[in-house]
Amino acid sequence: MSGLTTTKAPFIENAQQKGERFIHQPYELYSEENHQAWASLYARIQDRWVRYANPKFLEGVAKLNLDPNRVPRISELNQFLSPLTGFKAKPVSGYIPAFIFFDCLRNRDFPTTITVRDLSTLDYLPEPDMFHDVAGHVPMHTDKAFADTLVRFGECAVSAAMVIQQLKDKEVQRERARSIIKAMARFFWFTVEFGLIRDPKAGLRVYGSGLLSSYGEIAHSLESPEVQRYPVQIEWVVNQYFEINHYQPLLFVIDSFDHLFSLVDELERWVKDGKVNNVAPGEPNVSDLDIESFLSAKL
Ligand SMILES: [Fe+2]
């Protein structure tokens, strides 16, 4: 009955219980409601994409031949995506510990949720669903500079794991890991998830997938006088907490995806130079699982 609905899918619960992180997409399990939810989400956001999304995203949507009416098949999506940048969407059963997530990016795999939000709650859900991951993230992965930037995040995580694993004292190691992971997570949040870009022709546009997959927030992010929009500054971003349960009041603007790539380069240098060893406290919470993933990473 519940098909593959977010938080209500027996197939996912089963995979999680068995400890299976990477799964396949059992396409036959999608219910008619799941397809309807996808179609509704897609139909209402289309015009807003044209108005607010950056041109690379719109090109990506066209290149992927995203189906507006039915939940996409990941394997078909990958047939369009892989030849462009080598990226593939990789189905997962839920949360992926931080190092493993970044390491997937390094290998040009994008961990992708396969459940669809409930038709009755299209507007808000705290956890990612397939509309967020596939419609919000994946079209950006068709762009080479953006795809290379994600890979650079993965390389930055490897450098971070090296720095952390070289420390002798176990307590220091954990505290260092907590700070570095917080810095990386904040950087990822304010760019890949909620970033704005100043396009030379189109002006201020959206490229963060949290905005691109939200009918309400995509407009709010560019139209609302309540939102503070600043040129991205790495020293600010890594020390800035965020909350996930409301529209973002503070957003950062990049000049181009090459600019974003160079910022991740810089972030990696900061990690190596110890400049994010004691970032400001606050969100996001870094779980033991995240810390453990960096401590146990095979390098
Ligand atoms: Fe996301």
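Rules used throughout
- Sequence positions are assigned chain by chain, starting from 1 and proceeding in written order.
- At least 70 in pLDDT is required for a residue's local features to be given in this predicted model, at least 80 for side-chain atom pairs to be given and counted, and no such filter applies to totals for whole chains, interfaces and linings, which use all residues.
- Strands are runs of DSSP state E lasting at least two residues, helices are runs of H or I lasting at least four, and both sets are numbered from the N terminus onward.
- Here the C-beta atoms are placed from the backbone, and a residue counts as buried if at least 20 other C-beta atoms lie within 10 Å of its own, exposed if 12 or fewer do, and partly exposed otherwise.
- This entry defines residue contacts through backbone-placed C-beta atoms, with two residues in contact when those atoms are within 7 Å.
- Any two strands are treated as partners once DSSP identifies two or more bridges connecting them.
- Place the viewer so that the strands point away; then a crossover is right-handed whenever the path from the first strand over the helix to the second strand goes clockwise.
- A helix is expected to span 1.5 Å for every residue after the first.
- Joining buried Ala, Val, Leu, Ile, Met, Phe, Trp, Tyr and Cys residues through C-beta atoms within 7 Å gives a set, and that set is a nonpolar core.
- Note on method: axes are straight lines fitted to C-alpha atoms, helices fitted across the in-contact stretch only, with angles between N-to-C directions ranging 0 to 180 degrees.

A. Representation of the environment of Leu77. Within the fold, Leu77 resides in helix H4 (residues 74-85). The buried category is assigned to Leu77, around which 21 C-beta atoms lie within 10 Å. Every residue in contact with Leu77, bar those within four places of it in the chain, is listed here: Leu64, Pro72, Ala89, Val134 and Val138.

B. Region of interest: the pairing of strand S1 (residues 88-92). Pairing geometry for S1 and strand S2 (residues 109-113), over five bridges, is parallel. When the bridges of S2 are listed, Lys90 appears paired with Pro111. Where the polypeptide runs from S1 across helix H5 (residues 98-106) and back to S2, its parallel neighbour, the crossover connection is right-handed.

C. The arrangement of helix H8 (residues 170-193) in detail. Under the 1.5 Å per step criterion, the end-to-end length of H8 is 32 Å for 24 residues, consistent within 8% with the ideal 34 Å. Of all the 24 residues making up H8, 18 are buried; the element is thus mostly covered by neighbouring parts of the structure.

D. Geometry of the nonpolar core. Ranked by internal contacts, the top residues of the largest apolar core, which has 81 residues, are Ala160, Ile180, Met184 and Phe294. Of all the elements, H8 adds the most residues to this core, at 11 residues.

E. Representation of the sheet that holds strand S4 (residues 203-206) within the structure. Sheet architecture is open: four strands sit in the order S4-S3-S6-S5, paired in mixed fashion. Looking at strand neighbours, the two that pair on one side only are S4 and strand S5 (228-231), the edges of this open sheet. Taken pair by pair, the neighbouring strands of this sheet meet at an average axis angle of 35°, ignoring direction. Here strand S3 (residues 196-199) pairs with S4 via four bridges, running antiparallel. Its bridge partner being in S4, Ile197 is matched across the sheet by Arg205. In the packing of helix H10 (residues 215-223) onto the sheet, contacts are made with S3, S4 and strand S6 (250-254), and the angle to S4 comes to roughly 155°.

Any link to function would need more than the numbers given here.
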